[in-house]
Amino acid sequence: MELIKDPWPWYVSGPCIAIVMFLLLYFGRTFGMSSNLRTMCAIGGAGKLSDFFNFDWKSQKWNLTVMFGAVIGGFIAHYFLSNPIDINLDAQTINDLDKLGFKNAGHNLLPPELFSWDNVLSLKGIAILLIGGFLVGFGTRYAGGCTSGHAITGLSSLQLPSLIAVIGFFAGGLIMVHIIFPILF
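All of these numbers come straight from a predicted model, not from anything done at the bench.

Caption draft 1: Structural detail: the overall build of the chain. Assigned secondary structure in the chain consists of 10 helices and 0 strands. Going from N to C terminus, the chain has its helices and strands arranged as α-α-α-α-α-α-α-α-α-α. With the C-alpha coordinates of the chain rotated into their principal frame, the extents come out at 50 × 40 × 35 Å. When burial is assessed residue by residue, the chain has 17% of its 185 residues classed as buried. A separation of at least 24 residues holds for 51% of the contacts in the chain among residues at least 6 apart in sequence. Within the structure as shown, the chain displays about 13700 Å² of accessible surface, and the carbon and sulfur contribution to it stands at 72%. Charged side chains of the chain number 10 positive and 10 negative; the gap between the two group centres comes to 16 Å.

Written out as structure tokens, the structure reads:
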């Protein structure tokens, strides 16, 4: 059981991802989570409201298993395979997080300063969820896919737009963490 609970080294997990990508490319499939949202909306009848959702969603049903697998796998990993140990954070990181108001940094993956129901259901929390959700949804469509689609599938198939998108994702993440996040919190 410890083999499953401990993080896998890159030389095991990397080739596993490469094998999955090889099989997807061999069978002419692409991987990405945002395409599942489009498929679910098409199944729900959104094609009546927008032509974007008028497509052969039945050909994409296989990808829904990826999404459901991610949700079920996350549930199993959290409730049955989690290792209840502190996160090994650098002392400077803990100090920086403490200055931002994060007490007990490194004691859990989801800090209560962000993820408690009191914070999520506050006016600020709801505004952040709505604005952030809109920006992620808009950005995903504007970029032609999500981070997993571009970074895993797009880079595996050597697509230049995916390389540009991944660089943009990293730049946006750096801007968020170092500029926007300290302003919001």
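Caption draft 2: Summary view of the packing of aromatic side chains. In this structure the tally under the stated criterion is 9 aromatic pairs. Consider the rings of Trp10 and Tyr11, whose centres lie 5.7 Å apart with planes at 85°: the pair is edge-to-face. Like Tyr11, Trp10 is exposed. Measuring from centroid to centroid gives 4.7 Å for Phe75 and Tyr79, while their planes differ by 45°, and the two rings are tilted. Taken together, the residues span about one helical turn, with Phe75 and Tyr79 both in helix α4 (residues 61-80) at a distance of 4 residues. The class for Phe75 is partly exposed, based on a relative accessible area of 46%. An aromatic cluster is defined as three or more aromatic residues linked by ring pairs; in this entry it consists of Phe22, Tyr26 and Phe27. In this structure, Arg38 packs its charged tip against the face of Phe52, placed 4.2 Å from the ring centre.

Caption draft 3: Focus on the pattern of salt bridges. Scanning the model with the defined rule gives 1 salt bridge in all. The salt bridge involving Asp98 is made with Lys103; its shortest N-O contact spans 3.2 Å. Judged by relative accessible area, Asp98 falls into the partly exposed class, the value being 37%. Note on Lys103: relative accessible area 49%, which makes it partly exposed.

Caption draft 4: Broad picture of the side chain of Thr39. With respect to the helices, strands and loops of the structure, Thr39 is situated in helix α3 (residues 34-43). Polar contacts involving the side chain of Thr39 include one to the main-chain carbonyl oxygen of Ser35, which spans 3.0 Å. Among residues more than four places away in sequence, those in contact with Thr39 are Phe55, Trp57, Gln60 and Leu64.

Caption draft 5: Layout of α3. Restricting attention to buried positions, one finds in α3 the residues Ser34, Asn36, Thr39 and Ala42. The inward-facing, buried residues of α3 abut α4 and α8 (123-142). Immediately beyond the C-terminal end of α3, within one or two residues, lies Gly45, with a positive phi of roughly 95°.

Caption draft 6: Representation of the packing of helix α2 (residues 10-26) against helix α9 (residues 147-156) in the model. Interaxial distance between α2 and α9 falls to 10 Å at its minimum, and their mutual angle equals 65°. Between α2 and α9 the crossing geometry is right-handed. Counting all contacts with α2, which are made through Ile17, Met21 and Leu25, the residues of α9 involved are Ile152, Thr153 and Ser156. Per-class residue counts for the contact of α2 with α9 are 4 nonpolar, 2 polar and no charged.

Caption draft 7: Quick look at a nonpolar patch on the surface. Among the surface-exposed residues, Trp117, Leu121, Ile126, Leu130, Ile131, Phe134, Leu135, Phe138 and Tyr142 lie close enough to one another that they form a single nonpolar patch of about 1100 Å² accessible area. Residue position: Leu130 is located in helix α8.

Caption draft 8: Structural view of the side chain of His150. Along the chain, His150 turns up in helix α9. Assessed through its relative accessible area of 7%, His150 is described here as buried. With residues near it in sequence (within four places) discarded, His150 still touches Ala143, Gly144, Gly145, Leu155, Pro161, Ser162, Ala165, Val166 and Phe169.

What counts as what
Residues numbered from 1 in each chain as written. Predicted model: local features only at pLDDT ≥ 70, side-chain atom pairs only at ≥ 80, totals over all residues. Heavy atoms only, no water. Helix = DSSP H or I, 4+ residues; strand = E, 2+ residues; numbered from the N terminus. Buried < 20%, exposed > 50% of the residue type's maximum accessible area, 1.4 Å probe, protein only. Contact = heavy atoms within 4.5 Å. Areas by Shrake-Rupley, 256 points an atom, 1.4 Å probe, with all protein chains shown as cover. Lys, Arg positive; Asp, Glu negative; His and termini not counted. Charge placed at Lys NZ, Arg CZ, Asp CG, Glu CD. Phe/Tyr/Trp six-rings, centres within 6.5 Å; stacked < 30°, edge-to-face > 60°. Lys NZ or Arg CZ within 6 Å of the ring centre and 35° of its normal. Salt bridge = Lys/Arg side-chain N within 4 Å of Asp/Glu carboxyl O. Polar contact = N/O pair within 3.5 Å; in protein donor to acceptor, adjacent residues only side chain to side chain. Axes fitted to C-alpha atoms, helices over the stretch in contact; angles between N-to-C directions. Left-handed = near helix turned anticlockwise from the far one by under 90°. Nonpolar A, V, L, I, M, F, W, Y, C, P; charged D, E, K, R; others polar. Patch = residues over 30% accessible without salt bridge, like charges linked within 9 Å, V, L, I, M, F, W, Y side chains within 5 Å.

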